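Reading the structure
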Amino acid sequence: MQDLNHDLVVIGGGIIGVTCAWQLTQAGYKVLLLEKDEVGQGASFGNAGHIATEQVLPLASPAVLKQLPRMLLDPLGPLRLDWRYLPRIAPWLLKLVANMRPQAQRNSSAGLRLLNEASLPAWQQLLQQAGLSRLLKEDGSLLVCESESAFAELQRHSQVLGELGVSSDPWSAQTLHRQVNGLAPAVSGGLFFPATGHVTDPYQLVAQLFAQAQAAGMERQQAEVYGGRCQDNGIELNTSKGKLFAKRVLVAAGAWSAPLVRELAGIKIPMDTERGYHLMLPAEPARLPMAVSSLERKFIMTPMTGGLRLAGTVEFAGLHKAPDYRRAEGLVRHADALFERQLDTQSATPWMGCRPSLPDSLPVIDRVGPQGRLLLALGHHHLGLTQAAVTAQLILSLLSGKPSGLDIAPFRLARFGQLPPTHTFNNSVCLPGSEG
Ligand SMILES: Cc1cc2nc3c(=O)[nH]c(=O)nc-3n(C[C@H](O)[C@H](O)[C@H](O)COP(=O)(O)OP(=O)(O)OC[C@H]3O[C@@H](n4cnc5c(N)ncnc54)[C@H](O)[C@@H]3O)c2cc1C
């Protein structure tokens, strides 16, 4: 067994694992990153690039439940369930429904608000330090609608968000068409979110941070971790390259994290995947000045260096089923309805990725296991890009014991049930000197 002298082994080379690895390497930790495939090719490759700080309401809500039957009957609609997958995902769906209770909704909103409020400043700071600020456009984002009743809904939404501390400006049709050229006359109102932005190339963001971390001393091995065992003196990892013995491990393996945590610590996390799709239109890089999403059509269009990215949809079909690219291609029909002039779809490419989702719409950011040797940064569902930099700050704080200023209580693993006594690590307040 290879005995590693690294301070930390990170499992997973997506935006979460790489941003944490970058942050820790900068802070002087000796990090080894294990990735089973190429770095940055999971969910982090093809997301919509939206720094979605305004999304502070949990996925599960009674309003969504009401729309469910209509959505499920449309095979190319925003939500799809593979009925053969229903027995597998049923317990997760029941937990999702349980999270629609008012108190659960309030808890999720408070947690989302806490993280999202700190997300943009965390990215600004990190990107400035990395010399990569050019990848972030802080130009706000827009949610549009196509009817008077939907505009009234947007105004109510604006009020609810305002009560949660999220600012938004309702835009009449006149303001909207003055600010954004080329939208169809049917687009009759919108909600502008000033404190948001977008990343112009989500893959480049991962790749650049990865390259910088490597240049600063981080090591990388292409290896799949199958499981292992937490012990008092370290963590044994079984990998495709043999056995490794690590001082500490960070699980940041996206939608594949739950079986790993179960193997390593015997703890069951209620994670499933919401598969999402994008269609990249390379001939349309300049169609929009900012990210624009549609209330009724439930998808987003983000201007990127490589073209206009149409993204969205939720598909419950597990990790292994082949992608159904009709779901990506179907996004053009929706996008065309929002523009005066048809989109140029020449050389368009479809993509599918697996969001790592927990039923309360909050990630797990925690430090558990004997001596706090197992760190967790997983389950960022629709908001992994948004929350990656603040997650990295919290992981650094958990490891170093230096207070981050944010309370991690809402993101702790224990919310899903009691941890074994050996796994409880007193880290919720990140006390100085808690480094194990
Ligand atoms: C269509 C779509 C649009 C989205 N839009 C947005 C958006 O606009 N804004 C936003 O904030 N978020 C968005 N998201 C969500 C965001 O992309 C995810 O939350 C985020 O990418 C998750 O990052 P991750 O690092 O946890 O997972 P991933 O990027 O999936 O990375 C996990 C990595 O771990 C590796 N791995 C897994 N198991 C093992 C193992 N056993 N051993 C070694 N390596 C392993 C995988 O190969 C993978 O590279 C979107 C997602 C989708 C699908």
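Our structure's up above, just so we're on the same page.
Definitions and limits used
- The numbers attached to residues start from 1 for each chain and follow its sequence in the written order.
- Restriction of local features to residues with pLDDT of at least 70 applies here, the model being predicted, together with a cutoff of 80 or more for giving and counting side-chain atom pairs; totals for whole chains, interfaces and linings are based on all residues.
- Convention adopted: a line fitted to C-alpha atoms gives each axis, helices being fitted over their contacting stretch, and angles between N-to-C directions are expressed from 0 to 180 degrees.
- Counting from the N terminus, the helices are DSSP H or I runs at least four residues long and the strands are E runs at least two residues long.
- Comment on the angle field: the value is read as roughly parallel under 35 degrees, roughly antiparallel over 145, roughly perpendicular from 65 to 115, and oblique elsewhere.
- What counts as a contact here is a pair of residues whose C-beta atoms, placed from the backbone, lie within 7 Å.
- In this classification, the charged set is Asp, Glu, Lys and Arg, the nonpolar set is Ala, Val, Leu, Ile, Met, Phe, Trp, Tyr, Cys and Pro, and all remaining amino acids, among them Gly, are polar.
- Any residue whose C-beta atom, as set from the backbone, lies within 6 Å of a molecule or strand is reported as near that molecule or strand.
- Marked domain ranges trace back to an automatic or database domain assignment.
- Here a residue counts as buried when 20 or more other C-beta atoms sit within 10 Å of its C-beta, as exposed when there are 12 or fewer, and as partly exposed otherwise, the C-beta atoms being derived from the backbone.

Some points on the packing of helix α4 (residues 102-130) against helix α11 (residues 384-400)
- Put simply, α4 and α11 touch, their axes get as near as 7 Å, and they point 80° apart. The angle between α4 and α11 places the two elements in the roughly perpendicular class. Here α4 contributes Leu115, Asn116, Ala118, Ser119, Ala122, Trp123 and Leu126 to the contact with α11, which in turn contributes Thr386, Gln387, Ala389, Val390 and Gln393.
- Grouping the amino acids of the contact of α4 with α11 by side-chain chemistry returns seven nonpolar, five polar and no charged.

Structural notes on the site of the ligand
- Surveying the vicinity of the ligand reveals 42 residues, the closest of which are Gly14, Gly42, Gly254, Gly276 and Gly384.
- Taken together, the elements giving at least two residues each to the shell around the ligand come down to α1 (15-26), β3 (31-35), β16 (272-281), β20 (349-357) and α11.
- For the shell around the ligand, the domains that each give at least three residues are domain 1 (1-60 + 99-135 + 198-271 + 358-436) and domain 2 (66-85 + 272-356).

Thoughts on unusual backbone geometry
- Residues other than glycine seldom take positive phi values, yet Thr313 does so here, at roughly 70°.
- With respect to the secondary-structure elements, Thr313 resides in strand β19 (residues 307-316).
- With 23 C-beta atoms packed within 10 Å, Thr313 lands in the buried category.
- In this model, Ser347 sits at a positive phi of 60°, which is unusual for a non-glycine residue.
- Within the secondary structure, Ser347 is located in the loop between α10 (331-336) and β20.
- By C-beta crowding, Ser347 is classed as exposed, having 10 other C-beta atoms within 10 Å.

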